[in-house]
Every structure is written in C-alpha cells, then in structure tokens.
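Topology and contacts: notes
Residue strings, one per chain:
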Amino acid sequence: MSEHKIIKGRPAWGPVVEGYAFVCPDSIVGWNGVDVKTGTVTEKSNVHYGDSFAGKIIVLPCSRGSLGWSDMFRNSEYNGVGPSGYIFTTMDSKCGTAIFNTRRPCVADFPADCDPCVEIHDGDYIRLDGINGTVEILVPAENN
Amino acid sequence: MVRLTAYEQRMLDGEFGAAKKVALQKIIDYAQILGAEELVPITKAHLCCGSTCEPADFPDGNLDRPDILAMGYHDWQTKLKCPGLDPAVFNSFNESTYVMDDVHCCDTFQWQWTQQTKEFYENNRQILSDAADRGVMIGSTCAPYLAGWLPVMGEYFVTTESSNVLYSNSILGARGYGGGGNTTFCAAICGRAPKWGLHLPENRHGTHVFHVACDTKDKTDWDLLGAAVGRRLSPNAIPVICGDFERPDLIKLKTFFTALAVTSGCELCLIVGVSPEAQTYEMAMGGHKPVAEFTITNEILQTYWDEVCCKQSGPADYLQIGCPNCSAEELIRIWRYMNGRKVKEGVRFCVFTNIAQYAMAEQSHIIQDLKSWGVEILTSGCILRTINVAKGAKSIGLSSFKLCSGSKDERDCPIYYGSDEQVIDAAISGYWEVKRRYE
C-alpha cells in the first residue's frame, strides 16, 4: 500500500511518466499563449508567464480560447519542449486533440470532489499512470 | 472499446482507400482519448487549409519557414496533421462531407498592404489550390456561416474555429465540438468523429445561469458580455443567458461568441428565447438545477473594458474592424458611417471580411467606395492571423475584446478598445480619445 497521496481519474492515454508538476489553474489561452520553440508561457496574465513547461507534467482544468490550443502543444512537442504528461480536471475536445497530437500519457475526468489543480501543487514530483488513471504525489513541492 | 458500424469496419479494413483507413484509425484513437464508444457521420467540416503558422515562427517578421512551405500542401498539411498518412494516397476529403477552409495568414487578393512578399502570397495560393483539388470550398473565413456553410439542427459538424463552434451549436442547433487542426483534418477525410460531448442530447442543457442586468444595445456590450460570461465558467460548463436583454442579431451574436470562446472552453451557450434549444428557461435547463448563478452588470462589463483598453488618449496609426470576419451587413454599416470621410494620411485602417461578403459588397460598390476613402478591405485573417499586417504600428485601435487581449500579449505598443464607430473616428482623426464606456 503506497503511503503517497493518490488521486484517480479516467485513463485517457498511456503509459506512465514521472516528473515535476506544472499547475495552471486558469489553463493557458490558445493560439498565442505559448512560445512553442521554448515551451514558455507568453500569456501575460498567466500565473506561469515566463515559465517553461518543457519536460514537466502539466496540470490544467481544461483548454481555453482558440482551437489553435492543441497546436501549441503539438508544436512544442515537435520542438522537443512539450510537457511529458497531461492531467486535465475535465477532458474537452481541445485537450483530447492535444493528446491525439502528442501521444503523451494523460489522466482526465476526475470526480467532482477532486480537483487536480488543487490537489497537486506546482513543483510536486508526481507519477502519472495513463493506463490505470492514477496520479501519485511522490514528493510534495515543500520537500523538494 | 469503440463500436464500429459495418460501413466503418469496411473503411478500417481499407476497402475505401488508404487515406480513409489511416484517418479512421486516428479517429478511433481520438475516441479512446475522449472516452467515446461510437462514431457519428460528419457532413460539415470547417478547417484551416492555408498558411497557418504560429506567432513564434515570426519573431522578426520573417514571412514563413521555407522548410515547411517548400513542401507544399501535400507534404506539409498531410504529414503535420495526419502523421503516417502517405500524401500520395490522399486525393480527396470525404465525398459526403462539405468542407470549407478556415482563415490563413494571407489576404486573398494581394500581399502589399499586409507587408508580405509575393512569394509568400503565391505559395499560399498554391496551397489553397491543392486543398481545392481535394474538394475543399475556399471560403477562407472564421465565420463560414456567412458564406453558406450551415449545418442544420441536429447535424454533426467539426470546425477549427472556436466562435463557429459556439454559433453552430447555440444558434443553428447543430451538434459539434472543436478539437483542433489534426482531429478535424482526419474527421474530414474519413467523414467520422467520436460520438461524444455535445453530440449527446443529455449533455446539451444549461449548467451556469447568467442574469443579464447590463446594457445590451450595442455590439460592444455583447462583446464584453461574452468576456464576463466566459471568465465565470468552469470546464465544460454550458451558460444560460436570461434576463431583460435586447434581442441580439447575427452581428452581436458572433461578436459575443468570439469573446466567450477566447475566455473559456465553452462550446454551447443557450440564450433564452434565441437558441432553438432554449425557447424557455425551463427548456434550456432540461430539468437540471443551476451549478452557479451570476448577475452581469455594467460595472462588471467596465472591468473588461478596463482590462484591454489603454487608459491614455493618444495617436493611433493602425485601426482594424472585423473579428470575426465582417458580414456584408457590417460592411454597409461601415460604409454608411464613413459617408465619404477619408482616413487620415499615415493611418492604416483595414476591415476584415470573407470572400463571399467581399464579392457582394463589390457588386454594391461598397468596396470601391471604402477603398477610395482610404480603407483597405482584407479577407481571411485578422491582426493575430495575418502575418505582418500591423508590423511597425505605434498604437493599435480595435473593436474586439479577443483581438485586444491577444495583441496585448504580443505587443508592447498602446492597444485601444472600443466600438466600430470609435475605430472609424480614430482612423479619420488619427487620434484615439479614451472614454470610459459605462458610468
């Protein structure tokens, strides 16, 4: 039995990945919210403005804005600076297309009483299991 | 596990060609990602076909990546959007799907005013011609419903335009979701999409109720209302708009949906008395209780005006109307308001529309008149899409919350926000007089 905190959603795409969480509680605006050459958030009002999600596990409530949203992640992936995994509070069609494009592990559709944008903190080291639909917080950010 | 019909299984077995086989397999993957168990036939598709490139590709005004565009439509679009599909076997989109193209980075008729090169323009024309060879109707617009792309109530559609998702679901009663370029491309090739989300009647009821207690007379009111509603929505929420509002027309609705889309992930909005699935409040809610209720006042609208509009009056040298692309009716309104007045020398003022509206306005001498008054009429894009169109601008005046919000992120010069009439006044005077919209 793991002693780590585990939350469970729907397994959307496998397999499994570990990494640091990059939590954007207000999502990121589509089309021009990211510099796809560096994976850096360029939306000035975003909590992660100026930060790069390259190699991290991104945690988002949903998509937002233009249907170019998924293209941001496709092109970040092609440039080698995309997230290594995706966690969505609720799956939507743009989030689905981002996974379709990148084929990175993904867990989505968490129960109403479990918001991953609250349960997971920026900088937590987590294990995303896209086969079984679990997210395990291995090392909380405060211990990093 | 996705259940296929006998026809879909034959497609997956390759009976209808390699392109459909590959595209269908990818749509089945998409269904798994979304959690869908069946597919639906897609009879209307709207997708980007021309030169769509990210702003990051143009940090210094370079017009395109030669390595990508040199590949042409066959290699570039196909390999980018449907990896694994041999471009040589992709000769046609699905025959029973009406496909129209979305906006791209070029004007339809010229490259000079938008500060692009002839080579870039001609390359884009070739890409569009290649798409047309595969059965795409070249409309090049974010508002295809203005050009006859009209899914009817209950019809399944796909689109790459977020405001079009909202318009088609909310006003036409059609059933669809956006997704993005790759999934829409594959759906248009095989004519299938996952049966999921807003395809299902049980998902098409209101969740968040908005009581309108603000001005709703002007297009700008609806633009700001869209932002106010969008910012208050949780994932996959469906807002219900009710209260004492003035009945919106097509111009106000498409403006409202554009701001709503950019501030949320919303794809269906039920406007009581306007949406076919919301002729009454009870009908909109479908027996469900609201998850949350909000009242939108002028004070709230003012906060969104404050968010995007520069507070200091000053010179304005780039002005634009047309987000989404202007309807022919809007072109007439602009023509009437200008009434022979000319754009100030040194000021660049453009109006974005689509090819169909342009053709009608040209037959009505509106295009000729506006051009003679110094207005450039452009097709397809906008300040965010049409690469270089606002290059060198010292300040920018727009009538779209979406464009102001996006431009603020891309540029450091002052951005002004106001009504179409304010944009026109600034184009004529060369000066933007900042006035608080609501008192």
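Coordinates for the structure precede this section.
Right, let's walk through the structure included here. (Residues numbered from 1 in each chain as written. Chains lettered and ligands numbered in written order. Predicted model: local features only at pLDDT ≥ 70, side-chain atom pairs only at ≥ 80, totals over all residues. Heavy atoms only, no water.)

Moving on to the packing of aromatic side chains. All names here are of chain B. Enumeration according to the criterion identifies 24 aromatic pairs over all chains in this entry. Consider the rings of Tyr177 and Trp196, whose centres lie 5.5 Å apart with planes at 85 degrees: the pair is edge-to-face. Of this pair, Tyr177 sits in strand β6 (residues 175-177) while Trp196 is found in the loop between β7 (192-194) and β8 (208-213), placing the two residues 19 residues apart along the sequence. Each member of the pair, Tyr177 together with Trp196, is buried. One cation-aromatic arrangement involves Arg341 over Tyr337; the distance from NZ or CZ to the ring centre is 5.0 Å. Across from the ring centre of Trp113, 4.0 Å away, lies the NZ or CZ of Arg348, which sits over that ring. (Phe/Tyr/Trp six-rings, centres within 6.5 Å; stacked < 30°, edge-to-face > 60°. Helix = DSSP H or I, 4+ residues; strand = E, 2+ residues; numbered from the N terminus. Buried < 20%, exposed > 50% of the residue type's maximum accessible area, 1.4 Å probe, protein only. Lys NZ or Arg CZ within 6 Å of the ring centre and 35° of its normal.)

Right, let's talk about the environment of Cys82 of chain B for a bit. Residue and element names in this part refer to chain B. When you line up the elements, Cys82 lands in the loop between α4 (72-81) and β3 (98-101). Judged by its relative accessible area of 0%, Cys82 is buried. In sequence terms Cys82 and Ala19 are 63 residues apart; their C-alpha atoms lie 9.5 Å from each other. Not counting chain neighbours up to four residues away, the residues in contact with Cys82 comprise Val22, Lys26, Gln77, Phe185 and Cys186. (Contact = heavy atoms within 4.5 Å.)

Listed as interface residues are 46 residues of chain B and, on the opposing side, 36 residues of chain A. When the two sides are added together, the surface that chain B and chain A hide from each other amounts to roughly 3,200 Å², 55% of it contributed by carbon and sulfur. Remark: the boundary between chain B and chain A carries two salt bridges. Between Lys44 of chain A and Asp412 of chain B there is a salt bridge, with the nearest N and O atoms lying 3.6 Å from each other. Of all the elements in the fold, those that place two or more residues in the side of chain B that touches chain A are α2 (18-34), α4, α6 (162-170), α7 (181-190), α9 (250-262) and α15 (401-410) of chain B. Looking at the side of chain B that touches chain A, the element that brings in the most residues is α2 of chain B, giving seven residues. Taken together, the residues of the side of chain B that touches chain A break down into 17 nonpolar, 16 polar and 13 charged. (Buried area = accessible area lost by both parts, 1.4 Å probe. Salt bridge = Lys/Arg side-chain N within 4 Å of Asp/Glu carboxyl O. Nonpolar A, V, L, I, M, F, W, Y, C, P; charged D, E, K, R; others polar.)

Formed by 86 residues in total, the largest nonpolar core has its most connected members in Phe256, Phe257 and Phe349 of chain B. For this core, the leading source of residues is α9 of chain B, giving seven residues. Ignoring any residue separated from it by four or fewer positions in sequence, one finds Phe257 of chain B in contact with Ser163, Leu166, Tyr167, Ser170, Ile171, Cys269 and Ile271 of chain B. Core analysis: the next-biggest nonpolar cluster, separate from the first, contains 61 residues, Trp13, Leu60 and Phe73 of chain A together with Val99 of chain B among them. (Core = buried A, V, L, I, M, F, W, Y, C linked by side-chain atoms within 4.5 Å.)

This paragraph deals with the sheet that holds strand β2 (residues 44-47) of chain B. Residues and elements named next belong to chain B. With parallel pairing, the five strands of this open sheet are ordered in space as β4-β3-β2-β5-β6. Looking at which strands have only one partner, the edges of the open sheet turn out to be β4 (136-137) and β6. Sheet strands touched by α7: β2, β3 and β5 (156-159). Its angle to β2, the strand with the most contacts, is close to 140 degrees. (Pairing = 2+ DSSP bridges. Axes fitted to C-alpha atoms, helices over the stretch in contact; angles between N-to-C directions.)

All names here are of chain B. As for its placement among the helices and strands, Lys219 is situated in helix α8 (residues 219-230). Residue classification places Lys219 among the buried residues on the basis of a relative accessible area of 16%. Those residues in contact with Lys219 that sit more than four places away from it in its chain are Ile251, Lys252, Thr255, Glu330 and Asp420.

Residues and elements named next belong to chain B. End to end, α9 covers 19 Å across 13 residues, agreeing with the expected 18 Å (1.5 Å per residue, within 8%). The buried count for α9 comes to twelve of 13 residues, which makes it a mostly enclosed element. Here α9 has its buried residues at Ile251, Lys252, Leu253, Lys254, Thr255, Phe256, Phe257, Thr258, Ala259, Leu260, Ala261 and Val262. (Expected span 1.5 Å × (residues − 1).)

Turning our eyes to something else, we now look at the packing of α2 of chain B against α7 of chain B. Residue and element names in this part refer to chain B. For the pair α2 and α7, the least separation of the axes is 8 Å and the interaxial angle reads 130 degrees. When the interaxial angle is binned, α2 and α7 end up oblique. In this structure, the crossing between α2 and α7 has a hand that is left-handed. Contacts from Ala19, Lys20, Ala23, Leu24, Lys26, Ile27 and Tyr30 in α2 reach Thr183, Cys186, Ala187, Ile189 and Cys190 in α7. Here the contact of α2 with α7 is composed, by residue class, of nine nonpolar, one polar and two charged. (Parallel < 35°, antiparallel > 145°, perpendicular 65-115°, else oblique. Left-handed = near helix turned anticlockwise from the far one by under 90°.)

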